[in-house]
Amino acid sequence: MNLIIVEDEPRLRNALAHNIPWEKHDIEVVGLAANGLEALELTGRKKPDIMLIDVQMPEMDGLTLLRELKERREIGSLTKLIILSGHDNFEFAQLALEYGVSKYLLKPAGEEEILEAVLEARRSLRSDLEQWQRKAALEQKWKDNLPHLQNLFFIQWVGGKYTKEDVLKRSRELYIPLREQDRIAVAVVDLDPLSEEETRFKPGDMELLQFTMLCLAKELLTDPSCWITTDSSNMLLLVFVVDAQQDVKDAMLRINAEVSRLLSSTKEVLKLTASAGISATTGELDDMGLLYAQACRALQERVVYGHDLAIPYREPLPGDSRGVLVQPNLEKSLEIALDTADVEKAMEALKELWDDLFTKPESSDDFHEAVLYMNSFFTRLIQKQGWTVKKVVGDDIVFFQNVKLLSTKMQTWSLLERTVKHITAFMSEQRKSTSHQVVKDILNLVEAEMDQDITLHLVADRLYVNSSYLSRLFKQEMGVAFSTYVLERKMERAKSLLQEGAKVYDCARLVGYRDVSYFTKVFRKYWGVNPGEFKG
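Just so it is clear, the model here is predicted, and its values are computed rather than measured. (Residues numbered from 1 in each chain as written. Predicted model: local features only at pLDDT ≥ 70, side-chain atom pairs only at ≥ 80, totals over all residues. Heavy atoms only, no water.)

**Details of the overall build of the protein**
Turning to step 1, where the next piece is worked out: A count of helices and strands for the protein gives 22 helices and 10 strands.
Turning to step 2, where the next piece is worked out: Projected onto its principal axes, the C-alpha positions of the protein cover 90 × 70 × 50 Å.
Turning to step 3, where the next piece is worked out: Here the protein, with 536 residues, has 48% of them falling under the buried criterion.
Turning to step 4, where the next piece is worked out: Within the protein, residue pairs in contact and separated by at least 24 positions form 68% of the contacts whose partners lie at least 6 positions apart.
Turning to step 5, where the next piece is worked out: Only carbon and sulfur atoms are counted for the fraction: they give 50% of the accessible area of the protein, which is about 26500 Å².
Turning to step 6, where the next piece is worked out: The average position of the 68 basic charges and that of the 84 acidic charges among the side chains of the protein differ by 1 Å. (Helix = DSSP H or I, 4+ residues; strand = E, 2+ residues; numbered from the N terminus. Buried < 20%, exposed > 50% of the residue type's maximum accessible area, 1.4 Å probe, protein only. Contact = heavy atoms within 4.5 Å. Areas by Shrake-Rupley, 256 points an atom, 1.4 Å probe, with all protein chains shown as cover. Lys, Arg positive; Asp, Glu negative; His and termini not counted. Charge placed at Lys NZ, Arg CZ, Asp CG, Glu CD.)

Pasting the structure below:
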């Protein structure tokens, strides 16, 4: 679960973040704030499960922060709040209870006491989620026909069946507040496939599980600008309405945080993982089909990066392409294998298609019709990536332009086999290039801001992606966790500075440590000697 710490005293804030073994208890500190104003902005972006808040702070005190969070609806009823106060004041405690605080701790509270308070809040949150799940299980049917009509509207909208005027007209009829100037972003969420070891559920239970996740999304995503429904494949469809005046990058950061929190809560409730695909950016109302296609394509990438992730769309599509319309059986298997650059599976799928298409024709016309079918499939797949057919297949372009040049089955099979290998090679190279550039941007940021407190969430915010996706990508490319890499670079830089004669205080500041004693502790643990004793 996610935790935000709000404390104005730097040493205490640093100790709360780093001295308590949060990771050991599966708790992630997603943000630190020095006052209420910082916390208010941070909460809107990070959507924490639990908040640890000091009462006495500059700019905005803790109780004012609680009131603002409630009035602005930045937190929901499931968010757990813990107050840390230096005053044993009954009125303070009474106000805190009115704002929904679950625990009121007096300073100086020990680290064990604070940890236990957070763990108690987590247990309470899990209990609330489980209680909600039992309630949701009793409410599995629509109370009236409006939800069904709204769901049908979104299905037809993502399918490109409405103009902007149609969207505005139908949305008014269905009590969906949309304005012509509004912008939208799309996410699709799907439960990950059940493992072979999973015995609690059967494939036939997936519809019920999807419905439970739908209800959970409606409970957690309280922002009225998020519409929650399902698409024609019964995947969870999230349509975020963004005001035209709102900064697009800030909006996408908020959406990534909302979706990541939904995945985390799904894991807590169902004890199953889910993954999500998110459109690259926002668009006009009549861009819905393209944004939905981007989200679906991003979701397909879970076969590469793994499950339990919110994946943003990163690969640009050419023009107004809405993706490839595929048949559900053999062609779908080949498309998935090509998209994931899996040569072995692609060849297996191609062989099955070959047996189905090229062993039955009774004339040359039928045979060449089958070739046209395959060439059309490859052409759509290639152009969807923004490539040209000639660039991918090279000299074989002549066979795409004139199938009559193919005069034997062996010649035709060789062409199809070469085309599969060309496409998988291009797919692999593109994915490698995209991942390499993202990691390169991360490395440059770490080097440029070595004198700052560099966290995974800070880097994720700078690159406008969610932190889980970035962590997985960095580990996959570099072979080490992001935090490990940052620590190594900071300690290497500190070593170099000390060798060059820098004082310990200056060295600590230049590698992002404002607390010299904490820097000394980290340096000694890493190098085995104190900074002052280090002679190179």
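After that view of the structure, there is still more to cover.
**Some remarks on the domain arrangement of the protein**
Turning to step 1, where the next piece is worked out: We note that the domain assignment places domain 1 (2-131), domain 2 (160-312), domain 3 (328-424) and domain 4 (450-533) within the protein.
Turning to step 2, where the next piece is worked out: Relative to domain 4, the C-alpha centre of domain 3 lies at a distance of 50 Å. (Domains from an automatic or database assignment.)

**Considerations on the nonpolar core**
Turning to step 1, where the next piece is worked out: Among the nonpolar cores identified, the biggest contains 36 residues, and Val 189, Ile 228, Leu 236, Leu 238, Phe 240, Val 259 and Leu 262 are the most heavily contacted of them.
Turning to step 2, where the next piece is worked out: Of all the secondary-structure elements, those providing two or more residues to this core are helix 5 (111-137), strand 6 (183-191), helix 8 (206-220), strand 7 (226-230), strand 8 (236-242), helix 9 (248-270) and strand 9 (274-278).
Turning to step 3, where the next piece is worked out: Ranked by residues supplied to this core, first place goes to helix 8 with 8 residues.
Turning to step 4, where the next piece is worked out: A domain split of this core shows at least three residues from each of domain 1 (2-131) and domain 2 (160-312). (Core = buried A, V, L, I, M, F, W, Y, C linked by side-chain atoms within 4.5 Å.)

**Considerations on the confidence of the model for the protein**
Turning to step 1, where the next piece is worked out: In this model, the protein carries a mean pLDDT of 84, and residues with pLDDT of at least 70 account for 90%.
Turning to step 2, where the next piece is worked out: Counting interchain partners and residues more than four positions distant, the pLDDT-below-50 stretch residues 316-328 has 26 contacts. (pLDDT = per-residue confidence, 0-100.)

**A short note on the pattern of salt bridges**
A pair can form between side chains of opposite charge whenever their charged atoms are brought close.
Turning to step 1, where the next piece is worked out: A full pass over the atoms with the stated rule returns 29 salt bridges.
Turning to step 2, where the next piece is worked out: For Asp 461, the salt bridge goes to Arg 45, with nearest N and O atoms at 2.5 Å. Taken together, the positions of Asp 461 in helix 18 (residues 456-463) and Arg 45 in helix 2 (residues 36-46) put the pair 416 residues apart, joining distant regions of the chain.
Turning to step 3, where the next piece is worked out: Judged by its relative accessible area of 18%, Asp 461 is buried.
Turning to step 4, where the next piece is worked out: Residue Lys 169 pairs with Glu 173 through a salt bridge whose shortest N-O separation is 2.8 Å. Of the two residues, Lys 169 and Glu 173 are both situated in helix 7 (residues 164-173); the distance of 4 residues between them amounts to about one turn of the helix.
Turning to step 5, where the next piece is worked out: You can call Glu 173 partly exposed: its relative accessible area is 39%.
Turning to step 6, where the next piece is worked out: Among the charged side chains, a network of salt bridges with common partners joins Glu 41, Arg 45, Lys 46 and Asp 461. (Salt bridge = Lys/Arg side-chain N within 4 Å of Asp/Glu carboxyl O.)

**A look at the UniProt feature "modified residue: 4-aspartylphosphate" (unreviewed entry) in the protein**
Turning to step 1, where the next piece is worked out: When the UniProt feature table is mapped onto this chain, "modified residue: 4-aspartylphosphate" (unreviewed entry) is found at Asp 54.
Turning to step 2, where the next piece is worked out: With respect to the secondary-structure elements, Asp 54 resides in strand 3 (residues 50-54).
Turning to step 3, where the next piece is worked out: If we skip the residues at most four places from it in the chain, Asp 54 touches Val 6, Glu 7, Asp 8, Gly 62, Leu 84, Ser 85 and Lys 107. (UniProt positions renumbered as here; feature names shortened; annotations may be inferred.)

**Brief notes about the side chain of Thr 266**
Turning to step 1, where the next piece is worked out: Note on placement: Thr 266 falls in helix 9.
Turning to step 2, where the next piece is worked out: Aside from chain neighbours lying at most four places away, what touches Thr 266 is Leu 191, Met 213, Leu 216, Lys 271, Leu 272 and Ala 274.

**With respect to the sheet that holds strand 7**
Turning to step 1, where the next piece is worked out: Pairing is mixed in the open sheet, where 5 strands are placed in the order 7-8-6-9-10. Strands at the two margins of the open sheet, each flanked by one partner only, are strand 7 and strand 10 (310-312). Neighbouring strand axes in the sheet, compared pairwise and without regard to direction, differ in orientation by 20° on average.
Turning to step 2, where the next piece is worked out: Across 7 bridges, the pairing between strand 6 and strand 8 is antiparallel. (Pairing = 2+ DSSP bridges. Axes fitted to C-alpha atoms, helices over the stretch in contact; angles between N-to-C directions.)

**Here we look at the packing of helix 20 (residues 482-499) against helix 22 (residues 516-527)**
Turning to step 1, where the next piece is worked out: Close contact between helix 20 and helix 22 brings their axes to 11 Å; oriented N to C, the two are set at 95°. With respect to helix 22, the axis of helix 20 lies roughly perpendicular. Where helix 20 approaches helix 22, its residues Leu 487, Glu 488, Met 491, Glu 492, Ala 494, Lys 495 and Leu 498 are matched on the opposing element by Phe 519, Val 522, Phe 523, Tyr 526 and Trp 527.
Turning to step 2, where the next piece is worked out: When the residues that make up the contact of helix 20 with helix 22 are grouped by side-chain class, the tally is 9 nonpolar, no polar and 3 charged. (Parallel < 35°, antiparallel > 145°, perpendicular 65-115°, else oblique. Nonpolar A, V, L, I, M, F, W, Y, C, P; charged D, E, K, R; others polar.)

**Quick notes on helix 2**
Turning to step 1, where the next piece is worked out: Counted residue by residue, helix 2 has 8 buried out of 11 residues, so it is predominantly covered.
Turning to step 2, where the next piece is worked out: Residues of helix 2 that are buried include every one of Gly 36, Ala 39, Leu 40, Leu 42, Thr 43, Gly 44, Arg 45 and Lys 46, and no others.
Turning to step 3, where the next piece is worked out: For helix 2, the secondary structure elements touched by its buried residues are strand 1 (2-6), strand 2 (28-33), strand 3, helix 3 (62-71), helix 9 and helix 18.
Turning to step 4, where the next piece is worked out: Two residues or fewer past helix 2, Lys 47 is found with a positive phi of approximately 50°.

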